Amino acid sequence: MSVLYLREICRKMRSIKQTELEPLVRRANQIITEVTQGGRKPCTDVIDVSLGDKHRGGVQPLTFVRQVLAACLYPQLIHSYKLPGDVRQRVQSLLGACDGGSVGSYTPTGGISYIQCSVSNFISRRDGGVPSSPENIFMTSGSQRSIMQVLKMLADFHNQASLPIGVLTAVPTYSSFKMMLQRLGAAVVPYYLDEEQCWAMEVEELRRALQASKGVCNTVALYVINPGNPTGHVQSRKCIEKVIRFAAEERLFLMADEVYQESVFGEGSEFVSYKKVLSELGPPLSHTVELASFHSASKGFMGECGLRGGYVELVNLDPAIMKYAYTLFSTDICAPVTGQLALELMANPPRPGDPSYPVYAQETQSIRAMLVHNMNWVPEFLNNIPGISCQPMMGGAFVFPRLYLPQAAIEKAKVVGMQPDLWYCKRLLEEAGVCVGPGCEYGQKEGTHHIRLCVMTPVETMEEVLKRLKNFHLHFVKEFS
């Protein structure tokens, strides 16, 4: 007999629902296995553009990053003159910052001090000289772990309230954030992005959502993703100012997920951090609005998802709260050292004049060109398919086109017990060998249907994806018209 009984598992754990995407990804792997074993399928391979995993999508790792990591893991390589001089110097500096000169040692809770300083300097450079203190930076096993710890902190400080805590959360947003809230017994307080206005974030909608949460939960925080996932929108400085003022008025803790900050290429768009705007607003806001800013080595040019390196910078927290934060983060002992190394290399890449710079510049420029091409071309292509509309993509890794499905297809999906866009994605996978995310996974206005595609993939792969998608969609619509 099992030691665990479902009825005895914590109610919060039982509230976590399996994502709609997970069975699709599993099925995609099954199809690959079946094709490999000679099974007869409509497609001879599967292209998965459902996840924001750049290396899985076919983009090669950066040479400088992998050379430094390799020598940190196997220090004998330091003596190899096949490695550029700046790589060997960086390895010596990083290993010198590790206890025992080894990546196998524990590190302080916040991270290796040398790397905290590198990240702090990166933040200050990014924000035009706005001060950043290494003591306010905590490195974790990916940005989502940082987010979870901050949510725990908020839950702990409001656990005496009669109502559960609530967090204002964008619709659409990626599913794992909602799962984190479910795990803590917290409430999702949904605010809708305006699709017709390029997924704009409006303060009026925030006020509506906050008012609607009264009596249902104790809304204590506002979570924003900039650039957006899955929408690809980028907030303007003016929009960020309005959001900060709203948070100040309503005494909300601001959580700014900025992991796609390197991927902003839309015409007229630029990434401006919430911390920079907060600082420029001046007192009293710059000294009172509490902010957590998240970043990761998983996105941007590095795309090192598997190394699990992320950080959070905490701004304007009371010293007593910071002391508790240190205690809370110490429950993880420390972040993986390889992830911390990746963060240092992200924060402090080769500079002009360094031996590694020419190769680094060539590789990052190639990735940039690919992303710029895909960001511009993919929405344009999708908008030329009857029954699909796609807002312009300003940044991030995904597009979130809307599907206008025939009513007969919607009714058929109900018969088989699936959301219409999930059923659409399942058929797209089975019949065309393309795996994308269903809109119901991320949230959407009632009566609308979407899919999510990652554009962080080589141009030729993206071309094949869109060709298959177009052919499938036209046949699908014809079948149910």
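### Brief notes about the pattern of salt bridges
Any two side chains of opposite charge can pair, given that their charged atoms come close.
And then number 1: In total, this model carries 20 salt bridges according to the counting rule given.
And then number 2: D48 serves as the salt-bridge partner of R56, at 2.9 Å between the closest nitrogen and oxygen.
And then number 3: Here E280 makes a salt bridge to K276, at a shortest N to O gap of 3.1 Å. Note that E280 and K276 are positioned in helix α10 (residues 274–281) at a spacing of 4 residues, about one turn of the helix.
And then number 4: With relative accessibility at 16%, the residue K276 sits in the buried group.
And then number 5: Because the salt bridges share partners, they merge into one network encompassing D45, E464, K467 and R468.

### Focus on the nonpolar core
And then number 1: Core analysis: the largest hydrophobic core is formed by 121 residues, its most contacted members being Y191 and L222.
And then number 2: If we skip the residues at most four places from it in the chain, Y191 touches L168, T169, A170, V171, M201, E205, L206, R208, A209, L222, Y223 and V224.
And then number 3: Of all hydrophobic cores here, the second largest spans 31 residues; its members include V150, Y223, F294 and A325.

### Describing helix α5 (residues 113–126)
And then number 1: Between its first and last C-alpha, α5 extends 20 Å over 14 residues, near the 20 Å set by a 1.5 Å rise per residue.
And then number 2: Among all positions of α5, only I115, Q116, S118, V119, S120, F122, I123 and S124 are buried.
And then number 3: The secondary structure elements touched by the buried residues of α5 are α4 (85–97), β2 (137–140), α10, β7 (291–296), β8 (310–315) and α13 (337–347).
And then number 4: The positive-phi residue at the C-terminal boundary of α5 is G128, with phi of around 70°.

What counts, and at which threshold
- Residues numbered from 1 in each chain as written.
- Predicted model: local features only at pLDDT ≥ 70, side-chain atom pairs only at ≥ 80, totals over all residues.
- Heavy atoms only, no water.
- Salt bridge = Lys/Arg side-chain N within 4 Å of Asp/Glu carboxyl O.
- Helix = DSSP H or I, 4+ residues; strand = E, 2+ residues; numbered from the N terminus.
- Buried < 20%, exposed > 50% of the residue type's maximum accessible area, 1.4 Å probe, protein only.
- Core = buried A, V, L, I, M, F, W, Y, C linked by side-chain atoms within 4.5 Å.
- Contact = heavy atoms within 4.5 Å.
- Expected span 1.5 Å × (residues − 1).

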